[in-house]
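# Remarks on the overall topology
Residues per chain, in single letters:
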Amino acid sequence: MTSSEYRPSASLILAGRQTLTPQQQFDYSLLLIKRTERTSYALNHCVFPGGVFDPKADESDDWLTYFHSCGITKPQLDLVKSRQVTGRPELLSQGQNFTRDISLRLTALRETFEEVGILLCRPSSSLRDIETGQSAHVLLQPFDRELWQQRVHNDAKQFLELCRHLAVIPDLWALSEWSVWRTPASASRKYDTVWYFAALDSCDVPLLLEPNEVASAYWLHPGECWRESREAIIWLPFMLLYETARLMNMRRWQQLLQFARRRSVRGSTLLQPIYYRCDGDLLGVLPGDELYLDQPHNYKESIILPDTIDDVNKRAKRYHRYIIYDFHRVDLACNLLPLDGHLPLQAHVNTRFSKL
């Protein structure tokens, strides 16, 4: 399996600020969208906004022409480039015309507008105060969102035309690189996905759901995401469940925004699980786990272990894994330091194994 068989894509974690009440543990919520039956893998399948990279649209040289016409300088574009020196995922080390740090941010911004109607952009008059890691600019001026949403849905190149029409610039600088995931080699649909983070000053943002792909949308704080997944109210793919468990460490919006900005420049390790099957249960191991193997893209079928999952876990000395018991019961377990200066799994949802 070569990396070219994994489709590049981007996803956006949107954290909207909200008033903290005595009943709330978090002063922000995350935007989740529920996939339509046609596009979902499971009942009540929820994800963050995002989708597949389109090289003809997201990597077009026309973007550079437009940026320059708006007065954006090369040093300003370079602000979003990662400083990661080694181990940069191939997904982000490629690129035509400009770096993938730009083009995959364009993917995330385009897909967010296409799926939920949120346009994160800034007027050209705001170029003087460009910095990375600020809260995102949401376009609130009236325009025919439904018309343009359908245009972008049908033709990704229309996203640039929309920006020209409104004389705005996609807010690349508000997106902080959060993580990079690759689907397991056994998956029928294979993706390399960079996850970005952006903070909104409020959850009170008008949404326009694209009816072919999005059935509904919810603002839930990380603890609610975890609880509703465990209670089978929603279904979160394991990657999203893992990221939710990290986000549960951060209860304050401002703290999360500052952390995401600082961490982003360190880049990301590609996270691709390898699956083991133990007496009917499924074990997914991640980089650093003692059962993790080189060339994870070669393991297109689960590796069979003769022991029970409990025995395997009790023997573990270094573990970074998740255990799938059924569709909604997934336990996360890690006793390693986080990679890339990232958040650990939140202690209340991080399983610690007892020893033999």
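So, here's what we can say about the structure. (Residues numbered from 1 in each chain as written. Predicted model: local features only at pLDDT ≥ 70, side-chain atom pairs only at ≥ 80, totals over all residues. Heavy atoms only, no water.)

## Topic: the overall build of the chain
In terms of helices and strands, the chain carries 11 helices and 15 strands. A compact globule built from 356 residues would reach a C-alpha radius of gyration of about 21 Å, and the chain, at 20 Å, matches this within 12%. Projecting the C-alpha coordinates of the chain onto the three principal axes gives extents of approximately 65 × 50 × 40 Å. Taking all 356 residues of the chain together, 55% fall into the buried category. Here the chain displays about 15800 Å² of accessible surface, and carbon together with sulfur accounts for 49% of that area. (Helix = DSSP H or I, 4+ residues; strand = E, 2+ residues; numbered from the N terminus. Rg over C-alpha atoms; globule rule 2.2 N^0.38 Å. Buried < 20%, exposed > 50% of the residue type's maximum accessible area, 1.4 Å probe, protein only. Areas by Shrake-Rupley, 256 points an atom, 1.4 Å probe, with all protein chains shown as cover.)

## Some points on the packing of aromatic side chains
Counting across every chain of the model gives 14 aromatic pairs. Geometrically, the ring pair formed by W235 and F327 is stacked, given 5.0 Å between the ring centres and 10 degrees between the ring planes. Note that W235 is positioned in the loop between α8 (222–230) and α9 (238–247) and F327 in the loop between β14 (320–324) and β15 (330–334), a separation of 92 residues in sequence. On the basis of relative accessible area, F327 is assigned to the partly exposed category, the value being 46%. Positioned above the aromatic ring of W148, the side-chain terminus of R151 is 4.6 Å from the ring centre. Above the ring of F26, the side-chain terminus of R251 is found at 5.8 Å from the ring centroid. (Phe/Tyr/Trp six-rings, centres within 6.5 Å; stacked < 30°, edge-to-face > 60°. Lys NZ or Arg CZ within 6 Å of the ring centre and 35° of its normal.)

## Describing helix α2 (residues 61–69)
Among the residues of α2, W63, L64, Y66 and F67 are the ones counted as buried. In a view along the axis of α2, the buried residues occupy a sector of 165 degrees, so they form one face of it. Residues of α2 that are buried sit in contact with α1 (55–58), α3 (74–78), α5 (100–116), α7 (158–166) and β6 (168–170). Residue S60 occupies the N-cap position of α2, its side-chain oxygen lying 3.0 Å from the main-chain nitrogen of D62. In the segment just after α2, G71 is the residue with positive phi, at about 90 degrees. (Arc of directions from axis to C-beta. Contact = heavy atoms within 4.5 Å. Polar contact = N/O pair within 3.5 Å; in protein donor to acceptor, adjacent residues only side chain to side chain.)

## Observations regarding the packing of α8 against α9
Look at α8 against α9: their axes get within 8 Å of each other, and the N-to-C directions meet at 140 degrees. By the criterion of interaxial angle, the relationship of α8 to α9 is oblique. The handedness of the crossing between α8 and α9 comes out as left-handed. The segment α8 lies against α9, with P222, C225, W226 and S229 engaging L241, T244, A245 and L247. (Axes fitted to C-alpha atoms, helices over the stretch in contact; angles between N-to-C directions. Parallel < 35°, antiparallel > 145°, perpendicular 65-115°, else oblique. Left-handed = near helix turned anticlockwise from the far one by under 90°.)

## Some remarks on the layout of surface pockets
Roughly 290 Å³ of internal volume is contained in the second largest pocket. Lining the second largest pocket are 24 residues, with Y242, C334, L337, P338 and L339 positioned closest to its centre. Listing elements by their share of the lining of the second largest pocket, those giving two or more residues are β7 (176–182) and α9. Broken down by class, the residue content of the lining of the second largest pocket amounts to 13 nonpolar, eight polar and three charged. (1 Å grid on protein atoms, 1.4 Å probe; cavity = no way out; pocket = protein on both sides within 12 Å on 5 of 7 lines; lining within 4 Å. Points joined across faces, edges and corners; volume = space filled by probe spheres on them. Nonpolar A, V, L, I, M, F, W, Y, C, P; charged D, E, K, R; others polar.)

## A look at the pairing of β7
For a regular strand, side chains alternate in direction, first toward one face of the sheet and then toward the other. Counting buried residues along β7, seven of its seven residues qualify, which places the element largely inside the surrounding structure. Pairing of β7 with strand β8 (residues 191–200) involves six bridges; the strand directions are antiparallel. Along β8, the bridge assignment pairs V180 with V194. (Pairing = 2+ DSSP bridges.)

## A word on the sheet that holds strand β12 (residues 281–285)
With mixed pairing, five strands are arranged side by side in an open sheet as β13-β11-β12-β14-β15. For this open sheet the edge positions go to β13 (303–305) and β15, each flanked by a neighbour on one side alone. Adjacent strand axes in the sheet meet at a mean angle of 25 degrees, parallel and antiparallel pairs treated alike. Relative to β13, strand β11 (residues 274–278) runs parallel, the two sharing three bridges.

## Examining α9
By the criterion of burial, α9 is predominantly enclosed, with 10 of the 10 residues buried. All buried positions along α9 are accounted for by F238, M239, L240, L241, Y242, E243, T244, A245, R246 and L247.

## Section: the environment of A199
Relative to the assigned elements, A199 resides in strand β8. With 184 residues separating them in the primary sequence, A199 and A15 have C-alpha atoms 4.8 Å apart. Apart from the residues lying within four places of it in its own chain, the contact partners of A199 are A15, S135, A136, W253 and L257.

## Regarding the pattern of salt bridges
Within the structure shown, the criterion is met by 21 salt bridges. Among the ionic pairs, R110 bridges to D58, the shortest N-O distance being 2.8 Å. With R110 in helix α5 and D58 in helix α1, this residue pair connects regions lying 52 residues apart in the sequence. D58 carries the same exposure label as R110, and that label is buried. R100 is paired through a salt bridge with E59; the nearest N and O atoms lie 3.1 Å apart. Separated by 41 residues along the polypeptide, R100 in helix α5 and E59 in the loop between α1 and α2 bring together distant segments of the chain. Residues joined by salt bridges that share partners form a network here, namely D58, R110, E111 and E114. (Salt bridge = Lys/Arg side-chain N within 4 Å of Asp/Glu carboxyl O.)

## Description of the side chain of R105
Mapped onto the fold, R105 is located in helix α5. No salt bridge is formed by the buried R105; its nearest oppositely charged neighbour, D101, is found at 4.3 Å. Polar side-chain contacts of R105 include one of 2.9 Å to the backbone oxygen of L175. Residues in contact with R105, not counting those within four places in the same chain, are V80, R100, L172, L175, S176, E177, Y196 and S264. (Lys, Arg positive; Asp, Glu negative; His and termini not counted.)

These values are about where atoms sit, not about what they do.
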